[in-house]
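# Remarks on the overall topology
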Amino acid sequence: MTTNNIVLPDLLRSLSPVELITRMREKTTGSRDHWPLSCAIVLATTLVFFAFLAKLISATKKRRSGREGSSGRGSYGYKLPPGSTGWPLVGDTFAWFGAVASSHPPRFVEQQVKRYGKIFSCRLLGKPAVVSADPAFNRFVMQNEGKLFQSSYPKSFRDLVGKNGVITTQGEQQRKLHGIASNMMRLEKLKCHFLEDIQLVMLQSICEFPDNQVIVLQDVCRKVAINLMVNQLLGMSSESDIDAMARLFSDFVDGCLSLPINLPGFAYHTAMKARNHIVSKINETIAKNRRLQDLGEVGNGVLGRLLDEESLPDEAVADFIINLIFAGNETTAKTMLFAIYFLTQCPRALKELREEQEGLKRHNAAEAEMLTWQDYKAMPFTQCVIDETLRLGGIAIWLMREAKEDVAYQDYIIPKGCFVVPFLSAVHLDEDLYPEALDFNPWRWLNPENQEKRNWRNSPFYAPFGGGARFCPGAEVARLQIALFLHYFVTNYRWTQLKEDRMSFFPSARLVNGFQVRLNRRKSTLIDSPK
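On a predicted model such as this, the values are computed, not experimentally measured, just so you know. (Residues numbered from 1 in each chain as written. Predicted model: local features only at pLDDT ≥ 70, side-chain atom pairs only at ≥ 80, totals over all residues. Heavy atoms only, no water.)

### Brief notes about the overall build of the chain
Applied cut-off: Secondary structure elements follow DSSP: runs of H or I no shorter than four residues count as helices, runs of E no shorter than two count as strands, and numbering proceeds from the N terminus. Residue exposure (1.4 Å probe, protein chains only): buried if accessible area is under 20% of the type maximum, exposed if over 50%, otherwise partly exposed. Contacts were defined at the residue level, with two residues in contact if any of their heavy atoms lie within 4.5 Å. For accessible areas, the Shrake-Rupley method is used with a probe of radius 1.4 Å. Any residue's cover is judged against the shown protein chains and nothing else.
Within the chain, the secondary structure is distributed over 19 helices and twelve strands. Across the 531 residues in the chain, those meeting the buried criterion constitute 51%. Relative to all contacts within the chain whose residues are 6 or more apart in sequence, the contacts with residues 24 or more apart total 70%. Roughly 24800 Å² of accessible area belongs to the chain as shown, and the carbon and sulfur atoms make up 54% of that amount.

### Observations concerning the sheet that holds strand E12 (residues 516–521)
In plain terms, the rule: Following DSSP output, two strands are said to pair if at least two bridges run between them. Angles shown run from 0 to 180 degrees and are taken between the N-to-C directions of axes, each axis being a line fitted to C-alpha atoms and, for helices, limited to the stretch in contact.
The strand order E4-E12-E9 describes an open sheet built from three strands, whose pairing is antiparallel. Because the sheet does not close on itself, it has two edges, and the strands there are strand E4 (214–216) and strand E9 (493–497). Neighbouring strand axes in the sheet, compared pairwise and without regard to direction, differ in orientation by 40 degrees on average. The pairing of E9 with E12 spans five bridges and is classified as antiparallel. Counted as the bridge partner of Trp 495 is Leu 519 from E12. Lying on the sheet, helix H19 (residues 475–492) is in contact with E9 and E12; it crosses E9 at an angle near 85 degrees.

### A look at the packing of helix H10 (residues 217–234) against H19
Note the cut-off: Throughout, the term roughly parallel applies to angles under 35 degrees, roughly antiparallel to angles over 145, roughly perpendicular to angles from 65 to 115, and oblique to all others. Crossing handedness: left-handed means the near helix sits turned counterclockwise from the far one by under a right angle, and right-handed means the same turn made clockwise. Under this grouping Gly is polar, as are all residues other than the nonpolar Ala, Val, Leu, Ile, Met, Phe, Trp, Tyr, Cys and Pro and the charged Asp, Glu, Lys and Arg.
Contact geometry of H10 with H19 gives a least axis separation of 12 Å together with a crossing angle of 130 degrees. Taken together, the axis directions place H10 and H19 in an arrangement best described as oblique. The two elements H10 and H19 cross, and the hand of that crossing is right-handed. Along its contact with H10, which presents Leu 217, Cys 221, Leu 228, Met 229 and Gln 232, the element H19 presents Val 477, Gln 481, Phe 485 and Phe 489. In terms of residue class, the contact of H10 with H19 is built from seven nonpolar, two polar and no charged.

### Here's the deal with the pairing of strand E8 (residues 419–422)
Side chains of E8 alternate between two faces, with Phe 419 and Val 421 and Val 420 and Pro 422 buried alike. With four bridges joining them, strand E2 (residues 127–132) and E8 adopt parallel strand pairing. Directly across from Val 131, in E8, lies its bridge partner Val 421. Here two bridges tie strand E5 (residues 401–403) to E8, and the two strands are oriented antiparallel to one another. Along E8, the bridge assignment pairs Glu 402 with Phe 419.

Here you go:
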């Protein structure tokens, strides 16, 4: 009897490692005494590894076979949506993050949707997951936040944004903090406290570049957004404070989805050091505001009003402010950047946007006034550009949730503890909902058929700011900031892109080369075509 037709797992199971070594020594040398001991050790280790691997693959096949034979019932014993478990141990994690890090994040999801439908099962980060590209199910998950589902973030993210922040807290505390944030950014406060402050920051930050200046727009937008957030939230305005916070938050963001290894050289370690510095600066500002309170005065910014109107411990205040700066900085900075990136590729849209903004500039030229709230509301095409930028390059591309209990949806049961991922970007880039979905086409939002989709507060088809109990409380502020940035940037400059670029969304949304451009100051307010 020969072993020519025996596969490796059968051979490994039929012989012990010692017997295999003996046979191979005899086959190789014809003697038991001429094989070096080190070679024997290496081979034994290799064979043990392959034996383990063979056993693992065999067990995985049996598990898959059992699942398929039970009409889609997973290891929980429930009827999950159809799908696969991917590779042993890692599941679909590598394929998932490979897609997210690309310029087209829904790639993996779209592949699975073709095989299994818009709601499917997979395995991410070692856990069973239900992923959705279905607008109705995504809305169901968001509307049942705190009831059937709760937020679920990696340890590195939780550690950095803080346990007391509106992003990570649960239940009644989350509702309280969300209410405070929403109150701080009500419409009347946008008109009274934010409109002029935002324009002052824009005038200081982006209107003074000399002619022929080369800039990395990603860095400029990050600094502008940090300037806006720390000015409005903390009352900070000095150049040195702004620069320091911009550097710290750059390190902070890079660590949010990193491996939680707190050793020098790892992104998590650098991010935690940045967080400690940020908390220290916030605590210094809290102390100053507390002293003003003792004198019967109210400090500057949202923080001053927060301390005056709400009763929160200082630790909770620091986490709360970090959450607002983090969320506001990511949304505002990246949407400003992506808007200019898309406009550069679409000269017709840039021309129309510039004409709209030049009209507002001429309207206020006689008194050299800043834009008013009425001006902001008279920017229909600018709002289309913002909506299209958020659809194509929205920051919240997927949400991370976990089932709090067994959840019935359609014919499926999602078990308690299962990872649930509404993939918002897959909906925003769905060709059935948005023809030529990968094209930057702001005019699509002028189509009456898209008006219902466009309601970003409630639409299941367009949710750039999330939804439900975790709907972004600063959504309107962010849109105001982006619109004013576009006004001042396109009316002051023409620009030439110097290096090819593309989007990536991991570990955070960005352009991989930072979008390097050469600026040329516009000499007049006449309408001109981009070069």
